[in-house]
Amino acid sequence: QQQVKQSPQSLIVQKGGISIINCAYENTAFDYFPWYQQFPGKGPALLIAIRPDVSEKKEGRFTISFNKSAKQFSLHIMDSQPGDSATYFCAASIRGNNRKLIWGLGTSLAVNP
Amino acid sequence: DGGITQSPKYLFRKEGQNVTLSCEQNLNHDAMYWYRQDPGQGLRLIYYSQIVNDFQKGDIAEGYSVSREKKESFPLTVTSAQKNPTAFYLCASSLQARSNQPQHFGDGTRLSIL
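Below you will find a few notes about this structure. (Residues numbered from 1 in each chain as written. Chains lettered and ligands numbered in written order. Predicted model: local features only at pLDDT ≥ 70, side-chain atom pairs only at ≥ 80, totals over all residues. Heavy atoms only, no water.)

1. Side note on the overall build of chain B
Point 1. A count of helices and strands for chain B gives 0 helices and 11 strands.
Point 2. For chain B, the succession of helices and strands along the chain, N to C, is β-β-β-β-β-β-β-β-β-β-β.
Point 3. Summarising its shape, the C-alpha atoms of chain B cover approximately 40 × 25 × 25 Å along the three principal directions.
Point 4. Counting all 114 residues of chain B, 48% fall into the buried class.
Point 5. Element-wise, carbon and sulfur atoms account for 46% of the exposed surface of chain B, whose accessible area totals about 5,500 Å².
Point 6. For chain B, the separation between the mean place of its 12 positive charges and that of its 11 negative charges on side chains is 5 Å. (Helix = DSSP H or I, 4+ residues; strand = E, 2+ residues; numbered from the N terminus. Buried < 20%, exposed > 50% of the residue type's maximum accessible area, 1.4 Å probe, protein only. Areas by Shrake-Rupley, 256 points an atom, 1.4 Å probe, with all protein chains shown as cover. Lys, Arg positive; Asp, Glu negative; His and termini not counted. Charge placed at Lys NZ, Arg CZ, Asp CG, Glu CD.)

2. Digging into the environment of Cys23(A)
Residues and elements named next belong to chain A.
Point 1. Relative to the helices and strands, cysteine 23 is located in strand 3 (residues 19-25).
Point 2. Residues cysteine 23 and alanine 91 lie 68 residues apart in sequence; the distance between their C-alpha atoms is 8.5 Å.
Point 3. Sequence-distant contacts of cysteine 23, that is, excluding residues within four places in its chain, are made with Val4, Lys5, Gln6, Trp35, Lys71, Gln72, Phe73 and Cys90. (Contact = heavy atoms within 4.5 Å.)

3. Section: the interface of chain A and chain B
Point 1. Contacts between the two partners involve 21 residues from chain A and, on the opposite side, 23 residues from chain B.
Point 2. Around 1,800 Å² of area is buried between chain A and chain B when both sides are counted, 48% of it from carbon and sulfur atoms.
Point 3. Where chain A meets chain B, there are 2 salt bridges.
Point 4. Among the ionic pairs, Lys42(A) bridges to Asp107(B), the shortest N-O distance being 3.4 Å.
Point 5. Joining chain A to chain B, the criterion identifies 6 residue pairs in polar contact (both at pLDDT 80 or more). (Buried area = accessible area lost by both parts, 1.4 Å probe. Salt bridge = Lys/Arg side-chain N within 4 Å of Asp/Glu carboxyl O. Polar contact = N/O pair within 3.5 Å; in protein donor to acceptor, adjacent residues only side chain to side chain.)

4. Section: the state of the cysteines
Residues and elements named next belong to chain B.
Point 1. Using the criterion set out here, one finds 2 disulfides over all chains in the structure.
Point 2. Put simply, cysteine 23 and cysteine 91 are joined by a disulfide, and their sulfur atoms are 1.9 Å apart. Taking the sign of the S-S torsion, about -75° here, the bridge from cysteine 23 to cysteine 91 comes out left-handed. Taken as a pair, cysteine 23 in strand 3 (residues 19-25) and cysteine 91 in strand 9 (residues 87-94) lie far apart in primary sequence, 68 residues in all. (Disulfide = S-S within 2.5 Å.)

5. With respect to the packing of aromatic side chains
Point 1. With the rule as written, the count across this model stands at 19 aromatic pairs over all chains.
Point 2. Seen from their ring centres, Phe30(A) and Phe33(A) are 6.4 Å apart, and the 85° between their planes marks the pair as edge-to-face.
Point 3. Phe30(A) gets classed as buried once you look at its relative accessible area, which sits at 2%.
Point 4. With a relative accessible area of 0%, Phe33(A) lands in the buried category.
Point 5. Pairing Trp35(A) with Phe73(A) gives two aromatic rings, centres 5.7 Å apart and planes at 70°, and the pair type is edge-to-face. Of the two residues, Trp35(A) sits in strand 4 (residues 30-38) while Phe73(A) sits in strand 8 (residues 72-77), which places them 38 residues apart along the sequence. Judged on exposure class, the residue Trp35(A) and its partner Phe73(A) are both buried.
Point 6. Members of the aromatic cluster, joined through ring pairs, are Tyr36(A), Phe89(A), Trp103(A), Tyr33(B), Tyr35(B), Tyr48(B) and Phe105(B).
Point 7. Against the face of Phe74(B) rests Arg68(B), its NZ or CZ located 6.0 Å from the ring centre. (Phe/Tyr/Trp six-rings, centres within 6.5 Å; stacked < 30°, edge-to-face > 60°. Lys NZ or Arg CZ within 6 Å of the ring centre and 35° of its normal.)

6. Details of the sheet that holds strand 8 of chain A
Residue and element names in this part refer to chain A.
Point 1. Sheet architecture is open: 5 strands sit in the order 1-3-8-7-6, paired in antiparallel fashion. The sheet is open, and its two borders are formed by strand 1 (4-7) and strand 6 (56-59), each paired with just one other strand. Recorded for the sheet is a direction-independent mean angle of 15° between the axes of neighbouring strands.
Point 2. Of the pairings in the sheet, the one linking strand 1 to strand 3 comprises 4 bridges and is antiparallel in character. Residue pairing in the sheet places serine 7 in a bridge with asparagine 22 of strand 3. (Pairing = 2+ DSSP bridges. Axes fitted to C-alpha atoms, helices over the stretch in contact; angles between N-to-C directions.)

7. Quick word on the sheet that holds strand 8 (residues 76-78) of chain B
Residue and element names in this part refer to chain B.
Point 1. The sheet built from 4 strands is open, its strands ordered 1-3-8-7 with antiparallel pairing. Sheet topology places strand 1 (4-7) and strand 7 (64-66) at the edges, where each strand pairs with a single neighbour. If you compare each strand with its neighbour and ignore which way they point, the axes differ by 20° on average.
Point 2. Two elements, strand 7 and strand 8, share 3 bridges in a ladder whose sense is antiparallel. Across the sheet, the residue bridging to serine 65 is threonine 77, located in strand 8.

Here it is as structure tokens:
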């Protein structure tokens, strides 16, 4: 119940295409869903986050779609660019006093020029 | 510029040796975290601290120890009891551990066994 399942493990997209990464969870106590982007040799950086009372959030070319009934959320990268090539992690946190993040296993995205 | 500084970037450990990884932040954040990242794995929480002089075990604390004597600093010691220490170690901080504050990460320390 504590897991966040992320798919696909790797993804190859052509420049200008749409990249879609999906995550699923079981625990309905999760109430915060961030996405992080990590480049090789660097730490992850927060990309965008959503709460379950919102079905979609958009920031530039990045959009989170959230389906509360299906317990799924996804990251869409529009007009994908070679500079978007990185590993993307979804995560979730539970209401509580420590805000531990439960992480997906990551998706390695390669955008071909 | 505010941020998190991890040092060293690369570290080598001999058998039976303890090593300490440094993490310093100047973001004035209360909460700090240590994660371990292995290839193909997500981030696994080792220890976290919500406030100075307090810390809690994460999911994989065995073989590790931490201290939080100053708000800015949260060093991690990898002890000889950690039998598989080769990994990429990431330190993070957030404004508070109680709210939906984003975690800010350093650029990691890669630990290898000689």
